[in-house]
Amino acid sequence: MSAGTAVETPADVVARLRTAFRTGGTRDLARRTARLKRLRALLTERGDELADALRADLGKSRKEAYRTEIDFTVREIDHTLERLEGWLEPRPAPVPAVLAGATAHTVQDPLGVVLVIAPWNYPVQLLLAPVAGALAAGNAVLAKPSELAPATSAALARLLPEYLDADTVAVVEGGVPETTALLAERFDHIFYTGNGTVGRIVMAAAAKHLTPVTLELGGKSPAFVDRDTDLKTVAARLASGKFLNAGQTCVAPDYVLADPETAGALADALAAAVEGLFGADASVSPEYGRIVNERHFDRLVGLLDSGRTVTGGAHDRDAKYIAPTVLADVAPDSPVMREEIFGPVLPIVTVGGLDEAIAFINDRDKPLALYAFTQDPSVRARLLTETSSGGVGMGLPLAHLTVSDLPFGGVGESGMGNYHGRYSLETFSHRKAVLDTPLG
């Protein structure tokens, strides 16, 4: 435990944060803005320390660490700082004639003490972007970094108290016992990013206190590739999105659906695209990451025999390295299709066409994202209206996350609730109704 004294219990930390919230130390616009600016300063002044930690935990290059985590979060904070005052303006509401003379409006009320539990795959961005939203909304925050990214967890636990008042932002490190102890406490909102198994545990714990939750989960995000597309461009974009962070991205394309002729040509184009990104041997590429730990490595290696290897397949347990791998001729019931891959393995599944692709997607859990590569407006329209997913990317994977005015979140098994930009403010606030009726 890194906030306050060494003997502080989770109950002590939550009580300290609640006291700070109740005394008004988080609510006014000036304080919200000041805390966001301090968080931004942490990222800009100590970014290299965070990048070093990300390299130690995940093999991320400095370029990738800044692009996908540090600078990403800075842009999110800047977007919020520019618009926060306007977002907080009361929103008027019309009143019925029977209440003539009265006025009505809504205001966004801070919730109180928020718990943010982050995952290991983007351990800076996926902790600090929700924290920024909670601060913008005027809350006190308890931040729980992932113990599976220990260097980054330690860096965040050290740096956050240097930049933010420990009475309104606390950090608790640790694994399952520490998280379990935290979940026994009453919070006003819990924001969890991770897998569905732990998401259910979080939701069950929250239910005991009737605490609302945001669950940012994952799932098998499909990519449909239509015939008569530019497969070189498609392959380059798929490979870039899939193999970023060695495939350990919740919205990475999980599998590809294409008709047999398209699938064959796409497989060859993907092999060329992977070599274009990382060279003939990705193990020596400075831009290619590593698997987070041996347990995930072993799980992923067990999926490599699920189809014909088009490219990749090489792996080194000591280095936690798995080459960017594309599998063709993958059966729908093969091991790689039974779970979210969350690693650098991209299976291609052949379908008869769009009808079969839509049925294939709808027969499975609702994904966090759906990607489509097509020039046909009618194909786009059908995929939008006949499938359900957290978000849709037409022509480019992952990029919808970078648009701060778009909500990011899942549906069904891929999660509940959303955030980014104004949606973060809504998530961490209560929209309170106010009716003002004159007495005279």
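Residues numbered from 1 in each chain as written. Predicted model: local features only at pLDDT ≥ 70, side-chain atom pairs only at ≥ 80, totals over all residues. Heavy atoms only, no water.

Visitor: Pulling in residues and values, what's your account of the overall build of the protein chain?
Guide: On a plain count of helices and strands, the protein chain comes out with 14 helices and 18 strands. By its C-alpha atoms, the protein chain is 75 × 60 × 35 Å across when sized along the principal axes. The buried share of the protein chain, reckoned over its 440 residues, is 54%. Surface summary for the protein chain: the accessible area is close to 18,000 Å², and the carbon and sulfur share equals 54%. Of the side-chain charges in the protein chain, 43 are positive and 55 negative, and the distance between the mean point of each set is 4 Å. (Helix = DSSP H or I, 4+ residues; strand = E, 2+ residues; numbered from the N terminus. Buried < 20%, exposed > 50% of the residue type's maximum accessible area, 1.4 Å probe, protein only. Areas by Shrake-Rupley, 256 points an atom, 1.4 Å probe, with all protein chains shown as cover. Lys, Arg positive; Asp, Glu negative; His and termini not counted. Charge placed at Lys NZ, Arg CZ, Asp CG, Glu CD.)

Visitor: Tell me about the sheet that holds strand β10 (residues 308–311), residues and numbers included.
Guide: Sheet architecture is open: seven strands sit in the order β10-β13-β14-β9-β8-β15-β16, paired in mixed fashion. The strands lining the two open edges of the sheet, one partner per strand, are β10 and β16 (391–394). Across this sheet, the average inter-strand angle for adjacent strands is 25 degrees, counted without regard to direction. One ladder, built from three bridges, connects strand β13 (residues 325–328) with strand β14 (residues 345–350); its direction is parallel. Its bridge partner lying in β14, T325 is registered against V345. (Pairing = 2+ DSSP bridges. Axes fitted to C-alpha atoms, helices over the stretch in contact; angles between N-to-C directions.)

Visitor: Talk me through the pattern of salt bridges; I want residue IDs and the actual numbers.
Guide: The tally for this structure, following the rule as stated, stands at 27 salt bridges. A salt bridge links R158 to E49; the shortest N-O distance between them is 2.9 Å. Placement of the pair is R158 in helix α6 (residues 150–163) and E49 in helix α3 (residues 47–58), with a sequence separation of 109 residues. Note on R158: relative accessible area 40%, which makes it partly exposed. Taking relative accessible area as the criterion, E49 reaches 29% and is therefore assigned partly exposed. R431 is the partner of E426 in a salt bridge, and the nearest nitrogen-oxygen pair spans 3.1 Å. What makes E426 partly exposed here is its relative accessible area of 28%. On the basis of relative accessibility, which here comes to 25%, the residue R431 falls in the partly exposed class. A single salt-bridge network, built from bridges that share partners, covers R46, E49, R158 and E162. (Salt bridge = Lys/Arg side-chain N within 4 Å of Asp/Glu carboxyl O.)

Visitor: Got a sec to walk through the environment of T427? Specific residues and values, please.
Guide: With respect to the secondary-structure elements, T427 resides in helix α14 (residues 422–427). Judged by its relative accessible area of 14%, T427 falls in the buried class. As a C-alpha pair, T427 and G417 span ten residues in sequence and 7.4 Å in three-dimensional space. If near-sequence neighbours (up to four positions away) are discounted, T427 is found in contact with L111, H189, T214 and N418. (Contact = heavy atoms within 4.5 Å.)

Visitor: I'd like a description of the packing of α3 against α6, backed by residues and values.
Guide: In helix packing, the relevant descriptors are the interaxial angle and the interaxial distance, both defined with respect to the helix axes. Look at α3 against α6: their axes get within 7 Å of each other, and the N-to-C directions meet at 155 degrees. Judged by the angle between their axes, α3 and α6 are roughly antiparallel. Between α3 and α6, the residues in contact are E49, L50, A53, L54, A56 and D57 and P150, A151, T152, A155, L156, R158 and L159, respectively. Residues of the contact of α3 with α6, tallied by class, amount to nine nonpolar, one polar and three charged. (Parallel < 35°, antiparallel > 145°, perpendicular 65-115°, else oblique. Nonpolar A, V, L, I, M, F, W, Y, C, P; charged D, E, K, R; others polar.)

Visitor: With reference to specific residues and values, describe the sheet that holds strand β17 (residues 415–416).
Guide: Pairing in this open sheet of six strands is mixed, and the strands run β5-β4-β3-β6-β7-β17 from one edge to the other. Each edge of the open sheet carries a strand with a single partner, namely β5 (169–171) and β17. Note that strand β6 (residues 189–193) and strand β7 (residues 213–216) share four bridges and pair parallel. In the strand pairing of β7, I190 is matched with V213. Running at roughly 155 degrees to strand β3 (residues 113–117), helix α7 (residues 176–183) makes contact with β3, β4 (140–144) and β6 of the sheet.

Visitor: So what about helix α12 (residues 354–362)? Which residues, and what values?
Guide: Looking at α12, one finds that the buried residues are L354, A357, I358, F360 and I361. One side of α12 carries all its buried residues, which in axial view fall inside an arc of 160 degrees. Taken together, the buried residues of α12 touch β8 (222–225), β9 (255–258), β14, β15 (369–373) and α13 (377–386). (Arc of directions from axis to C-beta.)

Visitor: Break down the packing of aromatic side chains for me, with residues and values.
Guide: Inspection of every chain in the model, using the stated rule, returns seven aromatic pairs. Look at F191 and Y419: their rings are 4.8 Å apart centre to centre, the planes differ by 80 degrees, and that puts the pair in the edge-to-face class. Placement of the pair is F191 in strand β6 and Y419 in the loop between β17 and α14, with a sequence separation of 228 residues. Taking the relative accessible area as the measure of exposure, F191 reaches 0% and is therefore buried. An angle of 65 degrees between the planes, with centres 6.1 Å apart, marks the rings of F408 and Y419 as edge-to-face. One end of the pair, F408, is in the loop between β16 and β17; the other, Y419, is in the loop between β17 and α14, and eleven residues separate them in sequence. We note that F408, like Y419, is buried. Of the aromatic side chains, those joined through ring pairs into one cluster are F191, F408, Y419 and F428. (Phe/Tyr/Trp six-rings, centres within 6.5 Å; stacked < 30°, edge-to-face > 60°.)

Visitor: Give me the pairing of β15: which residues, what numbers.
Guide: The side chains of a regular strand alternate between the sheet's two faces. The buried fraction of β15 amounts to five of the five residues, a majority that puts the element mostly inside the structure. Burial along β15 is two-sided: the face carrying A369, Y371 and F373 and the face carrying L370 and A372 are both buried. Pairing of β8 with β15, which is carried by three bridges, proceeds in the parallel orientation. When the sheet's bridge partners are listed, A223 is paired in β15 with Y371. Bridging between β15 and β16 involves four bridges; their strand directions are parallel.

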